[in-house]
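# Chain and residue survey
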Amino acid sequence: MATPPRALDNSDIAELLAVASTTAKYPAQKALRRAARRAFLWPEQAADLLAAGRSLTELSGVGPFLEQVIRGWLQDPPPIPEPPALRQGFLTLPQARAALRAEPAWADALRGDLQMHSVWSDGSGTIADMAEAAAQRGYEYIAITDHAQSLRIAGGIDERQLAEQGAEIAEINASFEALDTPLRVLQSIELNLNPQGEGDMPRTALDGLDLVLGCFHSALRKKEDQTERYIRALRNPDIQILGHPRGRIYNFRLGLTADWPRVFGVAAELDKAVEIDSYPDRQDLSPDLVRLAAQAGCRISLGTDAHGPTQLEFIELGLASALLAGVRAERILNFMTREELLAWANDVRQVSAQ
C-alpha cells in the first residue's frame, strides 16, 4: 500500500528508480537500475543537494536525464510504494552515518575488516593496495579472503596459489613490522561451500590459515527451507565464519530461507560467527536477521567484501546494521584485538576437529 507524499530520502528515490526501471526501455532501464543500486552509497541526501542549489549529477549514476527525473520527484513527491522483499532492508550511507554519529564509541571500537578480495581472485587491488588502504584507516588487521578454487568465474585460487599468496602476505607483514606499522594481514580464504556444506579445499591447505570464511555460491534461489543446509555448513570443522548467509543481492536475488533462530542457535552453540557482509548490494545478514542473530547471542563478523581499496568504506553499513540491531559489542569479532581474534579462531578450530 502506498504512503502519502512526504519528503523523500535516498532510499525512497532508490525505490522509485527501481520501479521506473520495470517499465522503461533500454538504455534508460539500465541507467535506472544502476542508479537505484548506487543510491545507497550516495554520501549526501539528494534532497539536501537540491536545497543547496547543487547539481544532482554529483551523485554516482545520475546524469542529466536522471537529474531531471529525480528533481521532479523531490519537488512534487509521489506516493512511495512498499518495496518488495527483493529490495527491503537496505541501509543508505547517510542512514548508517547518522546512526554511527549518535554512538561514536561504536565505530571507534572497530579494529579491522574480515572479508576482502585482491587480484589473486576477482579483486582490482593487490594485497599491498588493500593493506595500505586499511593502514590509512588505522586498522589493526584485515583478512584477505580470495575465492577458493571451485569458483572459477571469480578466479578462485588453488592450493598452490594459496601457498604462494601466503608467502606474499608474510613479506607484506614483515615490511609493516619494519616500519612499526600496527596493521597485519591475516591469511584467509572464502571457501566455496556446496549445498551439503562441504568446502572445496583440502584441510591440509586450510590448517595454516588464520581464518576460514565459508560461503554458499550455488543453488541460491531454492524456495524450500534450507535450515539443514546451514547447520551442515556450521558443523563443517574447516570454517569459523559463515559468510553472507542469506545470499541475497539487491533487486536481483531474494536469497534463501531457513529456521533462522535455530541456525543462529547452532552458531552460538559452536561459538562460530555469522557475517554481516557490508557490500551495499548484499547487506547480508539483512537487518531482520541481524536482530535474530543478536537475540541468539552468536558471534558476528563484519566484512566489506571489498574488491578494491576504495570499497573499504562499506564497513559503515555493516557497523550501523549491527548497532541498530542491538548486537552486543563483545560478540563482534572486529572489536577484538588481533591476538584475541586469532585465539578465538584457534579455539574454534580445535573444538571443531574433536
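Coordinates for the structure precede this section.
The following refers to the structure shown. (Residues numbered from 1 in each chain as written. Predicted model: local features only at pLDDT ≥ 70, side-chain atom pairs only at ≥ 80, totals over all residues. Heavy atoms only, no water.)

Along the chain, the regular secondary structure elements total 14 helices and 8 strands. Against the globule reference of 20 Å for 354 residues, the chain gives a C-alpha radius of gyration of 21 Å, in line with a compact fold. By its C-alpha atoms, the chain is 60 × 50 × 40 Å across when sized along the principal axes. Considering only residue pairs separated by 6 or more positions, the chain has 77% of its internal contacts joining residues 24 or more positions apart. Carbon and sulfur atoms make up 52% of the accessible area of the chain, which totals about 15000 Å². Side chains of the chain carry 36 positive and 48 negative charges; the gap between the two charge centres is 7 Å. (Helix = DSSP H or I, 4+ residues; strand = E, 2+ residues; numbered from the N terminus. Rg over C-alpha atoms; globule rule 2.2 N^0.38 Å. Contact = heavy atoms within 4.5 Å. Areas by Shrake-Rupley, 256 points an atom, 1.4 Å probe, with all protein chains shown as cover. Lys, Arg positive; Asp, Glu negative; His and termini not counted. Charge placed at Lys NZ, Arg CZ, Asp CG, Glu CD.)

Another aspect to go through is the sheet that holds strand β2 (residues 141–144). Read across the open sheet, the 3 strands follow the order β1-β2-β3; overall the sheet is parallel. Strands with a single pairing partner mark the edges of an open sheet, and in this sheet they are β1 (112–113) and β3 (184–187). Both β2 and β3 contribute to a ladder of 4 bridges, which runs parallel. Bridge pairing in β3 links Ala 143 to Leu 186. Lying over the sheet, helix α8 (residues 159–178) contacts β2 and β3, oriented at roughly 165° with respect to β3. Against the sheet, helix α14 (residues 338–353) touches β2 and β3, its axis set at about 10° to β3. (Pairing = 2+ DSSP bridges. Axes fitted to C-alpha atoms, helices over the stretch in contact; angles between N-to-C directions.)

As enumerated under the stated definition, the model contains 16 salt bridges in all. Here Glu 67 makes a salt bridge to Arg 71, at a shortest N to O gap of 3.4 Å. With Glu 67 and Arg 71 both in helix α4 (residues 64–75) and 4 residues apart, the pair spans about one turn of that helix. Judged by its relative accessible area of 11%, Glu 67 is buried. In this structure Arg 71 comes out as partly exposed when scored by relative accessible area, which is 23%. Salt bridges here are not isolated pairs; linked through shared partners, they connect Arg 111, Glu 140, Arg 338 and Glu 339. (Salt bridge = Lys/Arg side-chain N within 4 Å of Asp/Glu carboxyl O. Buried < 20%, exposed > 50% of the residue type's maximum accessible area, 1.4 Å probe, protein only.)

On to α14. In this model α14 runs 23 Å from its N-terminal to its C-terminal C-alpha over 16 residues, within 8% of the 22 Å that 1.5 Å per residue would give. What α14 keeps buried is the set Arg 338, Leu 341, Trp 344, Ala 345, Val 348 and Arg 349. The buried residues of α14 occupy one face: seen down the axis, they fall within an arc of 130°. Those residues of α14 that are exposed and angled more than 90 degrees off the buried face are Glu 339 and Val 351. (Expected span 1.5 Å × (residues − 1). Arc of directions from axis to C-beta.)

The next thing to look at is the environment of Ala 233. Within the fold, Ala 233 resides in helix α10 (residues 227–234). When its relative accessible area of 0% is taken as the criterion, Ala 233 is described as buried. For the pair Ala 233 and Leu 193, spaced 40 residues apart in the sequence, the C-alpha separation amounts to 7.4 Å. In contact with Ala 233, other than residues within four places in its own chain, are Leu 193, Gly 197, Phe 216, Ile 239 and Leu 242.

This brings us to unusual backbone geometry. The amide bond that connects Tyr 26 to the next residue, Pro 27, takes the cis arrangement and shows omega of 10°. Mapped onto the elements, Pro 27 comes out in the loop between α1 (10–21) and α2 (28–38). Of note, the amide linkage connecting Asp 284 to Leu 285 takes the cis form, showing an omega dihedral of 20°. With a phi angle near 40°, Gln 283 is a residue other than glycine that sits in the positive phi range.

What follows covers α10. Side chains of residues three or four places apart in an α-helix project in the same direction, reflecting 3.6 residues per turn. Counting buried positions along α10 gives 6 out of 8 residues, so the element sits mostly inside the fold. Taken residue by residue, α10 has Thr 227, Arg 229, Tyr 230, Ile 231, Ala 233 and Leu 234 as its buried positions. Contacts made by the buried residues of α10 are with β4 (190–193), β5 (213–216), β6 (241–242) and α11 (260–270).

This part is about the sheet that holds strand β7 (residues 273–277). Pairing in this open sheet of 5 strands is parallel, and the strands run β4-β5-β6-β7-β8 from one edge to the other. Each edge of the open sheet is held by one strand with a lone partner, namely β4 and β8 (299–303). When β6 meets β7, the two strands line up parallel, connected through 2 bridges. Along β7, the bridge assignment pairs Leu 242 with Val 274.

Running from N to C, helix α7 (residues 127–136) and α8 point in directions that differ by 35°, and their axes come no closer than 10 Å. The way α7 lies across α8 gives a crossing that is right-handed. Residues Ile 127, Ala 128, Ala 131 and Glu 132 of α7 form the contact with α8, whose participating residues are Gln 165, Glu 168, Ile 169, Ile 172 and Phe 176. (Left-handed = near helix turned anticlockwise from the far one by under 90°.)

Let's shift gears to the side chain of Ser 301. With respect to the secondary-structure elements, Ser 301 resides in strand β8. The contact partners of Ser 301, leaving out residues within four places of it in the chain, are Leu 114, Ile 241, Ala 273, Val 274, Glu 275, Ile 276, Leu 333 and Asn 334.

Let's shift gears to the packing of aromatic side chains. Within the structure shown, the criterion is met by 8 aromatic pairs. Aromatic side chains Phe 40 and Tyr 250 sit 5.0 Å apart centroid to centroid with 70° between the ring planes, which places their arrangement in the edge-to-face category. Of this pair, Phe 40 sits in the loop between α2 and α3 (46–51) while Tyr 250 sits in the loop between β6 and α11, placing them 210 residues apart in sequence. On the basis of relative accessible area, Phe 40 is assigned to the buried category, the value being 4%. (Phe/Tyr/Trp six-rings, centres within 6.5 Å; stacked < 30°, edge-to-face > 60°.)

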